[in-house]
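# Structural characterization, general
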Amino acid sequence: MKITGIKAQVRRAGRFAVFLDGKYSFSLSEAGLLEYKLYVGLELDAPEIKKLKQASSDDKLFGLVLHYVAMRPRSEWEIRSYLQRKQAFPALADIILNKLSKNGFVDDSKFAQSWVESRRLLRPSSKRKLQQELRAKRVSDEAISQALAADETDERETLRQLITKKRPRYPDDVKLMQYLARQGFSYDDIKAALQEEAY
């Protein structure tokens, strides 16, 4: 069969429809077209077409994963879980993760650092809470320790700011203490900060 057309897809930017003998057959990204050296007029046999259709499916999945990691940084475990939900074969998942890693999209140390920095900007919480969140993302203890060691946030000051911010919502000390404990602060630190607030 002969490639009779390669056209940009309207609904999927960056993907191209490949037509064989005048009929749509499969789609590939621009990188896929270049990798397989496809052009109008190229003759393909049945095994080559089968291989290209599989490549189309794999290429589409890679595009979905790229979109997934572009929304926000992800841990390796999150990406693996996403690939499992998309029913990717383990070998294909490894290939995709290797590609992402080579391009800097998978790095749990950078992810942990980014997570700590963004949490510090958006939502005051304790180092213990950050540690729990990163462990839930299956980040290694070593990467978590490095990210938290690099964090120079004053934990006591964060606690004081949080008390000031949440005091109108929790006028009762007991409920405020329960909230602060859920944010990972220790009982002793909470008690000390509330005593300071009273003076």
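Higher on the page you've got the structure.
All of these numbers come straight from a predicted model, not from anything done at the bench. (Residues numbered from 1 in each chain as written. Predicted model: local features only at pLDDT ≥ 70, side-chain atom pairs only at ≥ 80, totals over all residues. Heavy atoms only, no water.)

## Concerning the sheet that holds strand β2 (residues 15–20)
Taken together, the three strands give an open sheet; going across it, the order is β1-β2-β3, and neighbouring strands pair in antiparallel fashion. At either margin of the open sheet sits one strand with a lone partner, and together these are β1 (3–8) and β3 (23–29). Adjacent strand axes in the sheet meet at a mean angle of 25° when their direction is disregarded. In terms of strand pairing, β1 meets β2 through five bridges, oriented antiparallel. If you follow Lys 7 over to β2, its bridge partner there is Ala 17. Helix α2 (residues 46–71) contacts β2 and β3 of the sheet and is inclined by roughly 50° relative to β3. (Pairing = 2+ DSSP bridges. Helix = DSSP H or I, 4+ residues; strand = E, 2+ residues; numbered from the N terminus. Axes fitted to C-alpha atoms, helices over the stretch in contact; angles between N-to-C directions. Contact = heavy atoms within 4.5 Å.)

## Remarks on the layout of surface pockets
Size it by volume and the largest pocket reaches roughly 350 Å³. Lining the largest pocket are 16 residues, with Glu 35, Ala 55, Asp 58, Asp 59 and Lys 99 sitting closest to its centre. Of all elements in the fold, only β3, α1 (30–35), α2 and α4 (90–102) reach the threshold of two or more residues within the lining of the largest pocket. Here the lining of the largest pocket is composed, by residue class, of nine nonpolar, three polar and four charged. (1 Å grid on protein atoms, 1.4 Å probe; cavity = no way out; pocket = protein on both sides within 12 Å on 5 of 7 lines; lining within 4 Å. Points joined across faces, edges and corners; volume = space filled by probe spheres on them. Nonpolar A, V, L, I, M, F, W, Y, C, P; charged D, E, K, R; others polar.)

## Re the nonpolar core
Residues Leu 61, Val 65, Ile 79, Leu 83, Ile 96 and Leu 100 are the most contacted members of the largest nonpolar core, which totals 15 residues. Listed by contribution, the elements that provide at least two residues to this core are α2, α3 (76–85) and α4. With residues up to four places along the chain from it excluded, the contact list for Leu 83 reads Leu 61, Val 65, Ala 88, Ala 93, Ile 96 and Leu 97. If you look at the next biggest cluster of nonpolar residues, it comprises 13 residues, including Val 18, Leu 28, Leu 38 and Ala 55. (Core = buried A, V, L, I, M, F, W, Y, C linked by side-chain atoms within 4.5 Å. Buried < 20%, exposed > 50% of the residue type's maximum accessible area, 1.4 Å probe, protein only.)

## Structural notes on the side chain of Ser 125
Relative to the helices and strands, Ser 125 is located in the loop between α5 (108–122) and α6 (127–136). Looking at Ser 125, the relative accessible area reads 1%, which means it is buried.

## Digging into α4
A rise of 1.5 Å per residue sets the reference length of α4, with its 13 residues, at 18 Å; its end C-alpha atoms lie 18 Å apart and thus fit the reference within 8%. Those residues of α4 not exposed but buried are Leu 92, Ala 93, Ile 96, Leu 97 and Leu 100. Take α4 and look down its axis: the buried residues cluster within an arc of 135°, on one side only. Facing away from the buried side of α4 by over 90 degrees, the exposed positions are Ala 91 and Lys 102. (Expected span 1.5 Å × (residues − 1). Arc of directions from axis to C-beta.)

## Let's talk about the packing of α6 against helix α7 (residues 141–150)
Contact pair α6 / α7: the axes reach a minimum separation of 10 Å and the direction vectors enclose 145°. Considering the relative orientation of α6 and α7, their crossing is right-handed. Where α6 abuts α7, its residues Lys 127, Leu 130, Gln 131, Leu 134 and Arg 135 lie against Asp 141, Ile 144 and Leu 148. Looking at side-chain class alone, the contact of α6 with α7 contains four nonpolar, one polar and three charged residues. (Left-handed = near helix turned anticlockwise from the far one by under 90°.)

## Section: unusual backbone geometry
Even without a glycine there, the phi angle at Lys 37 is positive, about 55°. Locating Lys 37 in the fold gives a position in the loop between α1 and α2. Residue classification places Lys 37 among the exposed positions, given a relative accessible area of 63%. In this structure, Arg 138 takes a positive phi of about 60° despite not being glycine.

## Section: the packing of aromatic side chains
Remark: the centre distance and the inter-plane angle together describe each pair of aromatic rings, the angle taken between the planes. Enumeration over the complete set of coordinates arrives at four aromatic pairs. Measuring from ring centre to ring centre gives 6.1 Å for Phe 19 and Tyr 24, while their planes differ by 75°; the resulting arrangement is edge-to-face. When the centroid spacing of 5.2 Å and the interplanar angle of 25° are considered together, the rings of Tyr 170 and Tyr 179 count as stacked. Overall, Tyr 170 belongs to the buried group, its relative accessible area being 14%. (Phe/Tyr/Trp six-rings, centres within 6.5 Å; stacked < 30°, edge-to-face > 60°.)

## Things to note about the pattern of salt bridges
Under the defined criterion, the tally for this structure stands at 13 salt bridges. Between Glu 78 and Lys 137 there is a salt bridge, and its shortest N-O distance comes to 3.1 Å. On the criterion of sequence distance, the pair formed by Glu 78 in helix α3 and Lys 137 in the loop between α6 and α7 is long-range, its members being 59 residues apart. One salt bridge in this structure joins Arg 135 and Asp 141, with 3.0 Å as the shortest N-O distance. (Salt bridge = Lys/Arg side-chain N within 4 Å of Asp/Glu carboxyl O.)

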